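Listed below are the residues making up each chain.
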Amino acid sequence: IDTVADVQRWLNSAYNSALAVDGIYGAKTKAALVKVLQRAVGVSVDGIYGAKTNAAVKSLRRGSAGTAVKALQGLLVCNGFTDAYVDGDFGKGTEQAVIAYQRSNGLDDEGIAGRNTFGKLCK
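Residues numbered from 1 in each chain as written. Predicted model: local features only at pLDDT ≥ 70, side-chain atom pairs only at ≥ 80, totals over all residues. Heavy atoms only, no water.

### Concerning the pattern of salt bridges
Then comes step 1: Scanning all chains against the criterion turns up three salt bridges.
Then comes step 2: One salt bridge connects R9 with D6, and the closest N-O pair in it is separated by 2.9 Å. Of this pair, R9 and D6 both sit in helix 1 (residues 4-15), three residues apart, roughly one helical turn.
Then comes step 3: For R9, a relative accessible area of 44% translates into the label partly exposed.
Then comes step 4: A salt bridge links E95 to R62; the shortest N-O distance between them is 3.1 Å. With E95 in helix 5 (residues 92-104) and R62 in the loop between helix 3 (51-56) and helix 4 (67-78), the pair connects residues that are 33 residues apart, well separated along the chain. (Salt bridge = Lys/Arg side-chain N within 4 Å of Asp/Glu carboxyl O. Helix = DSSP H or I, 4+ residues; strand = E, 2+ residues; numbered from the N terminus. Buried < 20%, exposed > 50% of the residue type's maximum accessible area, 1.4 Å probe, protein only.)

### Focus: the packing of helix 1 against helix 4
Then comes step 1: With their axes 9 Å apart at the nearest point, helix 1 and helix 4 run at an angle of 145° to one another. Between helix 1 and helix 4 lies a crossing whose hand is left-handed. For the pair helix 1 and helix 4, contact is made by V4, V7, W10 and Y15 and by T67, K70, G74, V77 and C78, respectively.
Then comes step 2: By residue class, the composition of the contact of helix 1 with helix 4 is six nonpolar, two polar and one charged. (Axes fitted to C-alpha atoms, helices over the stretch in contact; angles between N-to-C directions. Left-handed = near helix turned anticlockwise from the far one by under 90°. Contact = heavy atoms within 4.5 Å. Nonpolar A, V, L, I, M, F, W, Y, C, P; charged D, E, K, R; others polar.)

### As for the packing of aromatic side chains
Note on aromatic pairs: each is described by the distance of the centres and the angle between the planes.
Then comes step 1: All chains considered together, the criterion is met by two aromatic pairs.
Then comes step 2: A centroid spacing of 5.8 Å and a plane angle of 90° characterise the contact between W10 and Y15, whose relative ring orientation is edge-to-face.
Then comes step 3: Classification of W10 as buried rests on a relative accessible area of 11%.
Then comes step 4: Y15 sits in the partly exposed class, given a relative accessible area of 24%.
Then comes step 5: Both rings, one in F81 and one in Y101, keep their centres 5.4 Å apart while their planes meet at 85°; by these two values the pair is edge-to-face. Residue F81 is found in the loop between helix 4 and helix 5, and its partner Y101 is found in helix 5; the two are separated by 20 residues along the sequence. Taken as a pair, F81 and Y101 share a single burial class, namely buried. (Phe/Tyr/Trp six-rings, centres within 6.5 Å; stacked < 30°, edge-to-face > 60°.)

### A word on helix 1
Then comes step 1: For helix 1, with 12 residues, the first-to-last C-alpha span of 16 Å sits near the 16 Å given by 1.5 Å per residue.
Then comes step 2: Among all positions of helix 1, only V4, A5, V7, Q8, W10, L11 and N12 are buried.
Then comes step 3: Of the surrounding secondary structure, the elements contacted by the buried residues of helix 1 are helix 2 (27-41) and helix 4.
Then comes step 4: N16 occupies a position one or two residues after helix 1 and carries a positive phi of about 50°. (Expected span 1.5 Å × (residues − 1).)

### Quick word on the nonpolar core
Then comes step 1: By size, the foremost hydrophobic cluster in this structure holds 33 residues, and its most contacted members are V7, L11, L37, L72, L76 and F118.
Then comes step 2: When residues of this core are traced back to their parent elements, those giving at least two are helix 1, helix 2, helix 4, helix 5 and helix 6 (115-122).
Then comes step 3: Of all the elements, helix 4 adds the most residues to this core, at eight residues.
Then comes step 4: Residues in contact with L76, not counting those within four places in the same chain, are F81, A84, T94, A97, V98, Y101 and L121. (Core = buried A, V, L, I, M, F, W, Y, C linked by side-chain atoms within 4.5 Å.)

None of the figures reported here should be taken as evidence of function without further support.
Structure below.
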């Protein structure tokens, strides 16, 4: 899964997101990814990245795994950082994608996806 269309197909298959598979990263695709993240962190699932979601986000780093990592990877891929192949394992590619995203968005480029990184990705 390394294109927006791939992410949309995954969201439709795994979460019944009913997205058009058009390869365009729009509001519906972003909301579907935020919902995946919200499920992973255990907050109300509404597709809106707000204060409660932000407060529940845990920092993800190399070696992290699971649904929150998949959400992170999907967000990175949809933002053009395709080294973050969506597989649920935070490995070297995801770390490189996080660093590149952080650098391009004025964040500390430590390769750890925490609240600041998720906040930018989900806004």
